[in-house]
Structure formats: structure tokens, C-alpha cells
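Given next are the chains, with one letter for each unit.
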Amino acid sequence: MKTLFDENGMLNVEQIVAESTSFKTIMADGIVTDDELKEQSDRAIAALRHVQEICSPDQQTAVLDAITELSVLFATYHINQLQDLRR
């Protein structure tokens, strides 16, 4: 079973992404196309709609909070990396 954290208590997102069928398919040729981005966007939206259907309002809030904070982490990490490239 996939877990959010590894055996050391570290967030396991990198491994989850690397093992994802979607990611492997997109990265098979080493190029990310506009069509692949669109298809992945559609998959992500479908997955979120499914979560909305099966979760209570409180559960939806918890999922949204987690997605928000993970997205902020992702965005700020990349901004930080871009800052390092500019130095």
C-alpha cells in the first residue's frame, strides 16, 4: 500500500510520483508534451471529483488543506531553486 510517509517519517511524495503509472507513461520518452499535460490535468480533476463525491464536507476540507499546503511547498521550493540559479 502507498503511504504518505516513509519508514523514517519523511514525506513520501517523490517515491509515490516516481512509481505512478501516469508519471512513468508521461516520462517514457523524456519529453512532456502539451497533450500529456492536458491528459494529466484531466486525470487530476477526475481524481479530485471522485474525492469530492466520496468524502464528507469535513474530509473534503482536510484534503483541500493538505493539497493546498503541498502545493505551496512545491511552488516555494521551485521559487527557491530559481533564486539559487540567479545568484
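Refer to the preceding data block for the structure.
A. Inspection of the overall build of the protein at higher detail. Each helix and strand in the protein was counted, giving four helices and zero strands. For 87 residues, the compact-globule formula gives about 12 Å, and the C-alpha radius of gyration of the protein, at 16 Å, lies well above that figure. Dimensions of the protein, computed from C-alpha atoms along their principal axes, come out at roughly 45 × 30 × 25 Å. Scored against the burial criterion, the 87 residues of the protein give a buried share of 5%. A gap of 4 Å separates the mean positions of the 7 positive and 15 negative side-chain charges of the protein.

B. Structural detail: the pattern of salt bridges. Within the structure shown, the criterion is met by one salt bridge. Between Lys-38 and Asp-42 there is a salt bridge, with its nearest N and O atoms 2.8 Å apart. In this pair, Lys-38 and Asp-42 are both assigned in helix H3 (residues 34-54), four residues apart and thus about one turn of the helix distant.

C. Focus on the environment of Met-27. Relative to the assigned elements, Met-27 resides in helix H2 (residues 21-27). A C-alpha to C-alpha distance of 20 Å links Met-27 and Ala-47, two positions 20 residues apart in sequence.

D. Focus on the environment of Ile-16. Within the fold, Ile-16 resides in helix H1 (residues 13-18). Sequence separation between Ile-16 and Lys-2 is 14 residues, and the spatial gap between their C-alpha atoms is 7.1 Å.

E. The side chain of Asn-12, seen in detail. Note on placement: Asn-12 falls in the segment before H1. A relative accessible area of 9% places Asn-12 in the buried class. Here Thr-3 takes part through its backbone oxygen, which lies 3.3 Å from a polar atom of the side chain of Asn-12.

F. A look at the side chain of Glu-36. If you trace the backbone, Glu-36 turns up in helix H3. Looking at Glu-36, its side chain comes within polar contact range of the main-chain nitrogen of Thr-33, at 2.8 Å.

G. Seen up close, a nonpolar patch on the surface. Nonpolar side chains collect at one region of the surface, where Leu-4, Phe-5, Leu-11, Leu-70 and Leu-73 lie side by side and expose about 480 Å² of accessible area between them. For Leu-73, the position within the fold is in helix H4 (residues 57-86). Taking the relative accessible area as the measure of exposure, Leu-73 reaches 47% and is therefore partly exposed.

Calculation notes
- Residues numbered from 1 in each chain as written.
- Predicted model: local features only at pLDDT ≥ 70, side-chain atom pairs only at ≥ 80, totals over all residues.
- Heavy atoms only, no water.
- Helix = DSSP H or I, 4+ residues; strand = E, 2+ residues; numbered from the N terminus.
- Rg over C-alpha atoms; globule rule 2.2 N^0.38 Å.
- Buried < 20%, exposed > 50% of the residue type's maximum accessible area, 1.4 Å probe, protein only.
- Lys, Arg positive; Asp, Glu negative; His and termini not counted.
- Charge placed at Lys NZ, Arg CZ, Asp CG, Glu CD.
- Salt bridge = Lys/Arg side-chain N within 4 Å of Asp/Glu carboxyl O.
- Polar contact = N/O pair within 3.5 Å; in protein donor to acceptor, adjacent residues only side chain to side chain.
- Patch = residues over 30% accessible without salt bridge, like charges linked within 9 Å, V, L, I, M, F, W, Y side chains within 5 Å.
- Areas by Shrake-Rupley, 256 points an atom, 1.4 Å probe, with all protein chains shown as cover.

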